[in-house]
Amino acid sequence: QVQLVESGGGLVQAGGSLRLSCATSGTIFSINTMGWYRQAPGKQRELVAAITSGGSTDYKDSVKGRFTISRDNAKNTVYLQMNSLKPEDTALYYCTANLRPSGHSTYMDYWGEGTLVTVSS
């Protein structure tokens, strides 16, 4: 069974940095796009950054120039380097992957359970 597990969240002061990681487990045939979403209290979940299997990236406007998404295809892992953090970046960060498990013929979206990022002012 495929699972996504995030790590790297925590409490940091404004201006600080954190690096989130998302590791996959289970037998996977192929992974398309991987990404990071976040959900702040009382707000809807929103896309933060995404990266295709070929390395093309997309970012939410408010994080451009501060966050960098990357992936290690050999390890089926995606990262989010977050610099110059602001209090408004505080949220539960979720990893997602569109992937095809071994033995399956279709791609499906999988989600992690989230890792909490808190930025103090």
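Up top is the structure these notes are about.
Summary of the structure given here. (Residues numbered from 1 in each chain as written. Predicted model: local features only at pLDDT ≥ 70, side-chain atom pairs only at ≥ 80, totals over all residues. Heavy atoms only, no water.)

## Side note on the overall build of the chain
A count of helical and extended segments in the chain gives zero helices and 11 strands. Walking the chain from its N terminus toward its C terminus, one meets helices and strands in the order β-β-β-β-β-β-β-β-β-β-β. For the chain, the C-alpha radius of gyration of 14 Å lies close to 14 Å, the compact-globule estimate for 121 residues. Each of the three principal axes of the chain carries a C-alpha extent, and together these read 50 × 25 × 25 Å. Taken over 121 residues, the chain has a buried fraction of 39%. Residue pairs in contact within the chain that sit at least 24 positions apart in sequence constitute 55% of those at least 6 positions apart. Looking at charge distribution, the chain has the averaged site of its 11 positive side-chain charges lying 3 Å from that of its 9 negative ones. (Helix = DSSP H or I, 4+ residues; strand = E, 2+ residues; numbered from the N terminus. Rg over C-alpha atoms; globule rule 2.2 N^0.38 Å. Buried < 20%, exposed > 50% of the residue type's maximum accessible area, 1.4 Å probe, protein only. Contact = heavy atoms within 4.5 Å. Lys, Arg positive; Asp, Glu negative; His and termini not counted. Charge placed at Lys NZ, Arg CZ, Asp CG, Glu CD.)

## Description of the side chain of R38
Relative to the assigned elements, R38 resides in strand β4 (residues 28-39). A distance of 2.8 Å separates a polar atom in the side chain of R38 from a polar atom in the side chain of E46. Within the structure, R38 has its side chain in polar contact with the side chain of Y93 (distance 2.9 Å). (Polar contact = N/O pair within 3.5 Å; in protein donor to acceptor, adjacent residues only side chain to side chain.)

## Quick notes on the pairing of strand β7 (residues 67-72)
Only one face of β7 is covered, namely the one carrying F67, I69 and R71; the face carrying T68, S70 and D72 has none of its residues buried. Pairing of β7 with strand β8 (residues 77-82) involves six bridges; the strand directions are antiparallel. Pairing of I69 across the sheet is with L80, part of β8. Counting the residues between successive antiparallel strands, the hairpin from β7 to β8 contains four residues, one of them, N76, with a positive phi of roughly 50°. (Pairing = 2+ DSSP bridges.)

## Overview of the sheet that holds strand β1 (residues 3-7)
Spatially, four strands are ordered β1-β3-β8-β7 in an open sheet, and the strand pairing comes out antiparallel. The two strands at the open ends of the sheet, each matched to only one other strand, are β1 and β7. Adjacent strand axes in the sheet meet at a mean angle of 15° when their direction is disregarded. (Axes fitted to C-alpha atoms, helices over the stretch in contact; angles between N-to-C directions.)

## Some thoughts on the pairing of strand β3 (residues 18-25)
Sheet topology note: the β1/β3 ladder contains five bridges and is antiparallel. By the bridge assignment, S7 is partnered in β3 with S21. Inspection of the sheet shows β3 paired to β8 by six bridges, in the antiparallel sense. Paired with A23 across the strands is T77, a residue of β8.

## Side note on the packing of aromatic side chains
The relative placement of two aromatic rings is captured by the distance of their centres and the angle of their planes. Under the counting rule described, the total for this entry stands at one aromatic pair. Over the face of the ring belonging to Y94 we find R45, whose NZ or CZ atom lies 3.8 Å from the ring centre. R45 extends its terminal NZ or CZ atom over the ring of W111, reaching a point 4.8 Å from the ring centre. (Phe/Tyr/Trp six-rings, centres within 6.5 Å; stacked < 30°, edge-to-face > 60°. Lys NZ or Arg CZ within 6 Å of the ring centre and 35° of its normal.)

## Topic: unusual backbone geometry
Phi is positive for N76, which is not a glycine, with a value near 50°. Within the secondary structure layout, N76 lies in the loop between β7 and β8. Look at N76 and you get partly exposed, because its relative accessible area is 23%.

By themselves, these are just geometric observations and shouldn't be taken as functional.
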